[in-house]
Amino acid sequence: MRDMSMTLDLTLTSLLSNCDRLQGVNMFSQKFIRHALLLSSRGKSGIRCRFRSTQAIAEKVTDGFVEDLRSIVGKANVSTAEAVRDQHGHDESYHETTLPDAVVFAQSVEHVSKVAKLCNDNVVPLIPFGSGTGLEGGINALKGGVCLDISQMKNVIEVNAEDFDCTVESGVTRGELNSYIRDTGLNFPVDPGADASVCGMCATSASGTNAVRYGTMRENVLNMEVVLADGTVLWTAGKNKRSRKTSAGYNLTNLFVGSEGTLGIITKATIRLYGIPEATLSAVVHFPSIQEAVDTTVQVMQCGVPIARIEFLDEAAIDAFNKYSKFDMKVAPSLFLEFHGSPSSVEEQKEVVEEIAKMNNGSNFKWATNADERNRLWKARHEIVYACTALVPGSKPYSTDVCVPISNLPAVIVQTKEMLKKENLVGPIVGHVGDGNFHIFFPVDHDHPEALTKIKAMSEKMSLLAMEMHGTCTGEHGIGMGKRELLEKEVGIEGLRAMQIVKNAFDPNQILNPGKIFPV
Ligand SMILES: Cc1cc2c(cc1C)N(C[C@H](O)[C@H](O)[C@H](O)COP(=O)(O)OP(=O)(O)OC[C@H]1O[C@@H](n3cnc4c(N)ncnc43)[C@H](O)[C@@H]1O)c1[nH]c(=O)[nH]c(=O)c1N2
Ligand SMILES: CCCCCCC(=O)C(=O)O
Ligand SMILES: [Mn+2]
């Protein structure tokens, strides 16, 4: 027998998805249904809120539906082959693959718009795919449906060198953009480590090592072309607009940054560029304790040094790197530094930071200016994910990602280290510490599910600790499917409800990346 709550749930869901088109349902009823669905998602009505079952959705991706997709984008741009679906059913994280029913390779914004409309009309899930380097299962097709791969839209639309901005299509990666604009003397410095698509970086609000100087995606996106669930195409700051500042109404740009494919598909982004620095100086320095290394970071930031990168690796990370790359770097909590500017400003920054580090017992400074030497000095940071993964043969990396106000960072990292010891867990700590952001890189062997359970519990404890210390459960990787249950704790029930209202307004049929961000 079918359970009653499920019947009600399905009724509400299907009413919601159709109410805009139902002649007989007046505005008041529509409002009531929406409200009931919102409450049900909080369990207030006693009705469990869930999206449509995978089975019901999969049934909608019929041969006829696939033919409709082909008629929009061309036969060669739709695939239902298992290998292609598999490649699009997971990102670079530990989350198990969940297959879409079909993969569509869009070649233009018109394709994206028509595919969105078709999916919306048929209530079929639609998952935007950038370059698949995400770390919270953002592209997993939790309810099946269509994976919309927009990586082949690779035009750089314009570069306004005199205004330090450019506009790119969804498939352009940050590496490709930087090669393209190298001759202008400009670059796009936001660097998540992977060669992610710029629009995917907008979608996750990515940052990485350079954010301490240049900001995250939030501070660097001026405008975006977005396709809504029903196929409408809009520019978040107005078509062709690219001013540095605007006070014109709601900030739609910032609403779509970090929306993780749940509000719309970003097909173009206008972003800020920066001059390639005249001088670059890199350094590594080691400390007797984590506290002293992190105290150094806090003091450097508090002194207002415009440092370009300040990355922390604990002794376990350095040890993992030495083993992996056959190096003999001093096994101690260490800071990896980079300074950008004119030769004289770099020298000035160096002097201040050296003095602060020495006051905190920093030693064995190593410096490098030429590119090869700088890369060798930073090799441990560049290879750390692989080095940590190699600690457990056959493992995959699992990364935590908390961020706290900088003055709380020393206490949070020290407590995290104690928790790791107590739990007897192998997990080197690596951090973009200038932003108060750090990760533990756990190597996870999937043949031992109990190890994953223990690591997940530790990750949750860290997130709770960070929130208690006025921080966030994710500084840069996003909520995806990995942190859905933590969102309410972070933003409160009122914040979560407001987010659900926004989601329902932009995507009333819940087709865009269902199952992500919101608690299940
Ligand atoms: C080795 C390594 C190291 C790092 C990282 C990854 C890896 C593999 N990352 C994570 C990752 O690079 C980052 O999240 C990127 O922004 C993901 O961009 P993709 O294009 O790969 O998006 P991907 O295809 O993985 O999608 C991610 C999410 O965004 C959505 N999406 C993608 N493109 C979209 C579009 N055009 N419109 C709407 N939604 C879209 C997807 O639906 C999904 O929910 C990271 N990150 C970070 O911030 N700091 C870091 O230090 C690192 N470091
Ligand atoms: C594939 C695992 C990547 C781990 C985290 C990457 C990251 O954020 C970093 O700073 O490095
Ligand atoms: Mn990171």
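Residues numbered from 1 in each chain as written. Chains lettered and ligands numbered in written order. Predicted model: local features only at pLDDT ≥ 70, side-chain atom pairs only at ≥ 80, totals over all residues. Heavy atoms only, no water.

1. What about the UniProt feature "domain: FAD-binding PCMH-type" (unreviewed entry) in the chain?
The sites that carry the UniProt feature "domain: FAD-binding PCMH-type" (unreviewed entry) are, in the present numbering, residues 96–276. The straight-line gap between the two end C-alpha atoms of residues 96–276 is 40 Å; of that span, 23% is helix and 24% is strand. (UniProt positions renumbered as here; feature names shortened; annotations may be inferred. Helix = DSSP H or I, 4+ residues; strand = E, 2+ residues; numbered from the N terminus.)

2. Thoughts on the coordination of the manganese ion (ligand 3)
All of the protein donors around the manganese ion (ligand 3) are His 432 (NE2), His 439 (NE2) and Glu 476 (OE); their distances to the metal are 1.9 to 2.2 Å. Because the angles between the six donor atoms bound to the manganese ion (ligand 3) fall within 73 to 173°, the donor set is best described as octahedral. (Donors = N, O, S within 2.8 Å, 3.2 Å for Na, K, Ca; no water. Tetrahedral: all angles 85-135°; square planar, octahedral: opposite > 155°, others 65-115°.)

3. Focus: the sheet that holds strand S10 (residues 265–272)
Spatially, five strands are ordered S5-S6-S10-S8-S9 in an open sheet, and the strand pairing comes out antiparallel. The open sheet has two edge strands with one neighbour each: strand S5 (156–160) and strand S9 (233–235). Taken pair by pair, the neighbouring strands of this sheet meet at an average axis angle of 10°, ignoring direction. Relative to S9, strand S8 (residues 221–227) runs antiparallel, the two sharing three bridges. (Pairing = 2+ DSSP bridges. Axes fitted to C-alpha atoms, helices over the stretch in contact; angles between N-to-C directions.)

4. Notes on helix H13 (residues 315–325)
Those residues of H13 that sit buried are Ala 317, Ile 318, Ala 320, Phe 321, Asn 322 and Ser 325. The opening residue of H13, the one whose side-chain oxygen lies 3.2 Å from the backbone nitrogen of Ala 316, is Asp 314. One or two steps after H13, the chain reaches Lys 326, where phi turns positive at roughly 55°. (Buried < 20%, exposed > 50% of the residue type's maximum accessible area, 1.4 Å probe, protein only. Polar contact = N/O pair within 3.5 Å; in protein donor to acceptor, adjacent residues only side chain to side chain.)

5. Description of the sheet that holds strand S4 (residues 146–149)
Across the sheet, four strands lie side by side as S1-S2-S4-S3; this open sheet has mixed pairing. Lying at the two open borders of the sheet, with one neighbouring strand each, are strand S1 (78–79) and strand S3 (126–129). Relative to S4, S3 runs parallel, the two being bridged by four bridges. Bridging from a neighbouring strand, Ile 127 pairs with Cys 147 of S4.

6. Let's talk about the pairing of strand S19 (residues 437–444)
By the criterion of burial, S19 is predominantly enclosed, with eight of the eight residues buried. Of the two faces of S19, both are covered, the one formed by Asn 437, His 439, Phe 441 and Pro 443 as well as the one formed by Phe 438, Ile 440, Phe 442 and Val 444. As paired elements, strand S16 (residues 396–399) and S19 share four bridges and run antiparallel to each other. Each bridged residue has a counterpart across the sheet, and for Lys 396 the counterpart in S19 is Val 444. Note that strand S17 (residues 402–403) and S19 share two bridges and pair antiparallel. When the bridges of S19 are listed, Cys 403 appears paired with Asn 437. Count of turn residues in the strand S18 (residues 429–432)/S19 antiparallel hairpin: four residues, of which Gly 436 carries a positive phi of about 75°.

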